[in-house]
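# Coordinates in review
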Amino acid sequence: MKADSGQSHLRDMDEETRRHHEAVLIRLGVRHWAEFDRELVARLHEAQLSTQTRDADYSLDGIDIHCPAGVYHPSLSSSSTFMIRHLAGLSLGTPPSVLEIGVGSGAVLLAMARMYGPGRYVGVDISPLAVETAKANAARNGIDIDIRESDLFAAVEGECFDAILFNAPLYD
């Protein structure tokens, strides 16, 4: 959908979706979509990048996450939090079967497992550090997920899933 200069696409959303998006903008300190500019995005992105250089702990929707330096940190202003908020509306099989490519700390996959309950949750990452981090976070939260070291789909070839997620962190 293409918006005219300065026009918001919020008017084309249903009321519940529009209210949710407006709440996200308010949390970011933005009063209207037209104010969501490159400078704000750049400031938020720089703040997110600065967290990647140190160990940190997070709590997202009751999921406790520890992230060492070098693994994407799912802070409250990150794309992981945004993704978790929007995954609640997915229609999945019973039991659900979910693959997350680039699982990182495991935050998104763990949140899904908690949201949807027993099922098959598989996360893959090319980084051995991320794989160990996601496994440790799963154990920390007592949630059973399958984490594998893999370059994209290599470790899941031939397997089928209800949903495949890829929350690509956008680094400079």
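For the structure, check the block above.
So, here is what we can say about the structure in this document.

### Comments concerning the layout of surface pockets
Considered as a void within the structure, the second largest pocket measures approximately 240 Å³ in volume. Lining of the second largest pocket is provided by 21 residues; of these, Tyr 72, Gly 102, Val 103, Gly 104 and Asp 125 occupy positions nearest its centre.

### Observations concerning the sheet that holds strand E4 (residues 120-125)
Within the open sheet, the 4 strands sit side by side as E5-E4-E3-E6. Their pairing is parallel. Two strands in the sheet have a free side with no partner beyond their single neighbour: strand E5 (146-149) and strand E6 (163-166). Averaged over neighbouring strand pairs, the angle between their axes works out to 20 degrees when direction is ignored. Relative to the sheet, helix H4 (residues 107-116) contacts strand E3 (97-101), E4, E5 and E6, its axis offset from that of E4 by approximately 175 degrees.

### Focus: the environment of Pro 96
As for its placement among the helices and strands, Pro 96 is situated in the loop between helix H3 (79-87) and E3. The class of Pro 96 is buried, set by a relative accessible area of 7%. Separated by 24 residues in the primary sequence, Pro 96 and Arg 120 place their C-alpha atoms 6.2 Å from one another.

### Let's talk about the pattern of salt bridges
Within the structure shown, the criterion is met by 4 salt bridges. With its nearest N and O atoms 2.7 Å apart, the salt bridge here joins Glu 159 to Arg 120. A residue pair is termed long-range when its members are at least 10 positions apart, and Glu 159 in the loop between E5 and E6 and Arg 120 in strand E4 qualify at 39 residues. Arg 120 sits in the partly exposed class, given a relative accessible area of 32%. Each of Arg 120, Asp 146, Arg 148 and Glu 159 takes part in a single network of salt bridges with overlapping partners.

### Structural notes on H4
With respect to burial, H4 is a largely interior element, 7 of its 10 residues being buried. Here H4 has its buried residues at Ala 107, Val 108, Leu 109, Leu 110, Ala 111, Met 112 and Ala 113. At the exit of H4 stands Gly 117, carrying a positive phi of roughly 80 degrees.

### Examining the packing of H3 against H4
Two elements in contact, H3 and H4, have axes separated by 10 Å at closest approach and are oriented at 20 degrees. By the criterion of interaxial angle, the relationship of H3 to H4 is roughly parallel. Crossing hand, H3 versus H4: right-handed. In this structure, H3 uses Ser 80, Met 83, Ile 84 and Leu 87 to contact H4, whose residues at the interface are Ala 107, Val 108, Ala 111, Met 112, Met 115 and Tyr 116. Taken together, the residues of the contact of H3 with H4 sort by class into 9 nonpolar, 1 polar and no charged.

Definitions and cut-offs
- For every chain, the first residue of the written sequence is number 1, and numbering continues from 1 along that sequence.
- At least 70 in pLDDT is required for a residue's local features to be given in this predicted model, at least 80 for side-chain atom pairs to be given and counted, and no such filter applies to totals for whole chains, interfaces and linings, which use all residues.
- Side-chain descriptors were evaluated using all non-hydrogen atoms of the structure, hydrogens and water having been removed beforehand.
- Lining residues are those with an atom within 4 Å of a point, where the points come from a 1 Å grid over the protein atoms alone and group into cavities, where a 1.4 Å probe fits but cannot get out, or pockets, open sets with protein on both sides within 12 Å along at least five of seven lines.
- Grid points are joined across faces, edges and corners, and a volume is the space filled by probe spheres set on the points.
- At least two DSSP bridges between two strands are required for those strands to pair.
- Here a strand is any run of E in DSSP of at least two residues, a helix any run of H or I of at least four, and the numbering for each starts at the N terminus.
- Here, axes are lines fitted to C-alpha atoms. For helices the fit covers the stretch in contact, and angles between N-to-C directions go from 0 to 180 degrees.
- Contact definition: two residues touch when any of their heavy atoms are within 4.5 Å.
- We call a residue buried when its accessible area falls under 20% of the maximum for its residue type, exposed when it is over 50%, and partly exposed in between, using a 1.4 Å probe and counting protein chains only.
- Any carboxyl oxygen of Asp or Glu that lies within 4 Å of a side-chain nitrogen of Lys or Arg is treated as forming a salt bridge with it.
- Geometric relationships in this document are graded by angle, where less than 35 degrees denotes roughly parallel, more than 145 denotes roughly antiparallel, 65 to 115 denotes roughly perpendicular, and other angles denote oblique.
- Each crossing is labelled by how the near helix is turned from the far one, with a counterclockwise turn of less than a right angle marking it left-handed and a clockwise turn marking it right-handed.
- As a working rule, the residues Ala, Val, Leu, Ile, Met, Phe, Trp, Tyr, Cys and Pro are called nonpolar, Asp, Glu, Lys and Arg charged, and the rest polar, with Gly in that last group.

Any functional reading would require information beyond the geometric quantities listed.
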